[in-house]
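Residue-level listing of the chains:
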Number of protein chains: 2
Amino acid sequence: MDDFRVIEIKRSVFENNDKEAERVRGELKEQKTFLLNLMSSPGSGKTTTLKATISRLKDEMKIGVMEADIDSDVDARAISDAGVRSIQLHTGGMCHLDAGMTEQGLKEFGTEDLDLVVLENVGNLVCPAEFDTGAVKNAMILSVPEGDDKPLKYPLMFTISDVVLINKIDTKSVFDFDDDAVCERIHKLNPNAEIFFISAKTGEGIDAWCDWLRNAVKEWNK
Amino acid sequence: MDDFRVIEIKRSVFENNDKEAERVRGELKEQKTFLLNLMSSPGSGKTTTLKATISRLKDEMKIGVMEADIDSDVDARAISDAGVRSIQLHTGGMCHLDAGMTEQGLKEFGTEDLDLVVLENVGNLVCPAEFDTGAVKNAMILSVPEGDDKPLKYPLMFTISDVVLINKIDTKSVFDFDDDAVCERIHKLNPNAEIFFISAKTGEGIDAWCDWLRNAVKEWNK
């Protein structure tokens, strides 16, 4: 197991978050680091999906993970066990990260030598959608048990996500979940959203998602 | 189907939320109305649990439901179909309700003749935990697919909840979920928390939860 640190992130002092986010993205471009902002509800499988993703990509690129949480170091520990560098960001009760907070994390982490940094945002479909973190792409996970009506109830999250991963498809036998309806609802909000159906547990669909991520990282870092 | 209205709730102007919450509770006590604040992650089954609860209690008490959501009227429509009065509160992007916002909802709804009002809070384990709404009791739902580690990651929510409903126990065959571990984690944060294992879908465990709620309403309204 690699070591990981726990950092207490302070509320951002920047008034113009969008401008700050653009600055963060500019620095990432310069140092050839791709930042993925990964969002979802609590318990939709962000950490398990990340572990499955890391196992497929870690031999071809240098990966680091920043785990943002209100409290605990459960996730950083799990990611560290998966064999990549990780850091735990404690948000001090804040329900999201903004660009300034993300930058504090990146600075403390030291990301110059990394090709891909994943920011696992606080589990929440509301607040994280409202703040550009400076990430190159936004991805979100919707899990089958949460239901196919979530795009109707949390539209902003689906609107700002470049990729939607529909996770836990291995549990479909015990839930009513309409694949076509969910795709239609997502594309109505965000016609360009890429949608992948996956099971982080069984590995189904993970290769297609990793292909997308590999291409996005290559495109950004070249 | 009963009619329901959609109300746009404004950001509260009260600086001291705790004081405002006490005032709301005092008014509810006077008019003999019990307010339950129901919280959970998105997709953990708040609305389905409410429908199962309503079907058991609606012949013995007058019930009303306030559905708080960022957007949409999916939930108010479902509750209205269940045969009780409901109102949809739109929070205008806010991730929680505070006491002032709750009071706006109660006033618009007209709750004097109701024995039990349920406030279905915004689906979120972070922000709603930070604001006393003026409710008599707080209940939260944790669903099996979300995982037994959630008390470690969202401790405040479990600390301020009088009741924790562990929902979707009918799906246990496809998830790793440790009943003993989750109870231990909840009780470490909140030794007095009542825990009920339920399936809103099959009805398992709902009677015991309804007994608790029936007693709490009687105690408050006598």
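Throughout what follows, the structure given in this document is the object of discussion.

### Focus: the state of the cysteines
Phase 1: Evaluated as defined, the whole model comprises zero disulfides over all chains.
Phase 2: No disulfide involves B:Cys210; its sulfur sits 19 Å from that of B:Cys183, the nearest cysteine.

### A short note on the interface of chain B and chain A
Phase 1: Taken together, the 31 residues of chain B in the interface contact 31 residues of chain A.
Phase 2: Among the residues chain B hides against chain A, the three largest losses belong to B:Pro42, B:Lys153 and B:Val174. Together they make up 23% of the total.
Phase 3: Remark: the boundary between chain B and chain A carries two salt bridges.
Phase 4: Remark: the boundary between chain B and chain A carries nine residue pairs in polar contact (both at pLDDT 80 or more).
Phase 5: Secondary-structure elements contributing two or more residues to the side of chain B that touches chain A are α3 (74-81) and α5 (150-153) of chain B.
Phase 6: Residue contributions to the side of chain B that touches chain A peak at three residues, all from α5(B).
Phase 7: Residue composition of the side of chain B that touches chain A, grouped by class: 14 nonpolar, seven polar and 10 charged.

### Observations regarding the packing of helix α2 (residues 46-57) of chain A against helix α3 (residues 74-81) of chain A
Residues and elements named next belong to chain A.
Phase 1: Two numbers describe how α2 lies on α3: the axes approach to 10 Å, and their chain directions differ by 15 degrees. One element, α2, and the other, α3, form an angle in the roughly parallel class. As for how α2 packs across α3, the hand of that crossing is right-handed. Listed contacts from α3 to Thr47, Leu50, Lys51 and Ile54 of α2 are Asp75, Ala78 and Ile79.
Phase 2: Grouping the amino acids of the contact of α2 with α3 by side-chain chemistry returns four nonpolar, one polar and two charged.

### Thoughts on the packing of aromatic side chains
Phase 1: What the rule picks out here adds up to four aromatic pairs over all chains.
Phase 2: Ring centres of B:Trp209 and B:Trp212 lie 5.8 Å apart, and the angle between their planes is 15 degrees; this geometry places the pair in the stacked category. Here B:Trp209 and its partner B:Trp212 are both found in helix α8 (residues 206-221), three residues apart, which amounts to about one turn of the helix.
Phase 3: Relative accessible area serves as the criterion here: at 2%, B:Trp209 is assigned to the buried category.
Phase 4: What links up through ring pairs into an aromatic cluster is the set B:Phe196, B:Trp209 and B:Trp212.
Phase 5: The ring of A:Trp220 carries A:Lys29 above its face, with NZ or CZ at 4.5 Å from the centroid.
Phase 6: Between the NZ or CZ atom of A:Arg85 and the centre of the ring of A:Phe109, over which it lies, the distance is 4.9 Å.

### A word on the pattern of salt bridges
Residues and elements named next belong to chain A.
Phase 1: Per the counting criterion, the structure on display carries 30 salt bridges over all chains.
Phase 2: Where Arg23 meets Glu20, a salt bridge forms, and the shortest distance between an N and an O atom there is 3.1 Å. Remark: Glu20 and Arg23 occur in helix α1 (residues 17-30); sequence separation between them is three residues, near one turn of the helix.
Phase 3: Taking relative accessible area as the criterion, Arg23 reaches 37% and is therefore assigned partly exposed.
Phase 4: In this structure Glu20 comes out as buried when scored by relative accessible area, which is 4%.
Phase 5: In this structure, Glu103 and Arg23 form a salt bridge, with 2.9 Å as the shortest nitrogen-oxygen distance.

### Quick notes on the relation of the copies chain B and chain A
Phase 1: Mapping chain B onto chain A calls for a rotation angle of 180 degrees and an axial translation of 0.0 Å; the resulting RMSD is 0.0 Å. With respect to symmetry, the two chain copies, as superposed, fit the operation of a two-fold axis.
Phase 2: Both copies share a contact surface, since 100% of the interface residues of chain B are interface residues in chain A too.

Criteria and cut-off values
Residues numbered from 1 in each chain as written. Chains lettered and ligands numbered in written order. Predicted model: local features only at pLDDT ≥ 70, side-chain atom pairs only at ≥ 80, totals over all residues. Heavy atoms only, no water. Disulfide = S-S within 2.5 Å. Contact = heavy atoms within 4.5 Å. Buried area = accessible area lost by both parts, 1.4 Å probe. Salt bridge = Lys/Arg side-chain N within 4 Å of Asp/Glu carboxyl O. Polar contact = N/O pair within 3.5 Å; in protein donor to acceptor, adjacent residues only side chain to side chain. Helix = DSSP H or I, 4+ residues; strand = E, 2+ residues; numbered from the N terminus. Nonpolar A, V, L, I, M, F, W, Y, C, P; charged D, E, K, R; others polar. Axes fitted to C-alpha atoms, helices over the stretch in contact; angles between N-to-C directions. Parallel < 35°, antiparallel > 145°, perpendicular 65-115°, else oblique. Left-handed = near helix turned anticlockwise from the far one by under 90°. Phe/Tyr/Trp six-rings, centres within 6.5 Å; stacked < 30°, edge-to-face > 60°. Buried < 20%, exposed > 50% of the residue type's maximum accessible area, 1.4 Å probe, protein only. Lys NZ or Arg CZ within 6 Å of the ring centre and 35° of its normal. Least-squares fit on C-alpha atoms with pLDDT ≥ 70 in both.

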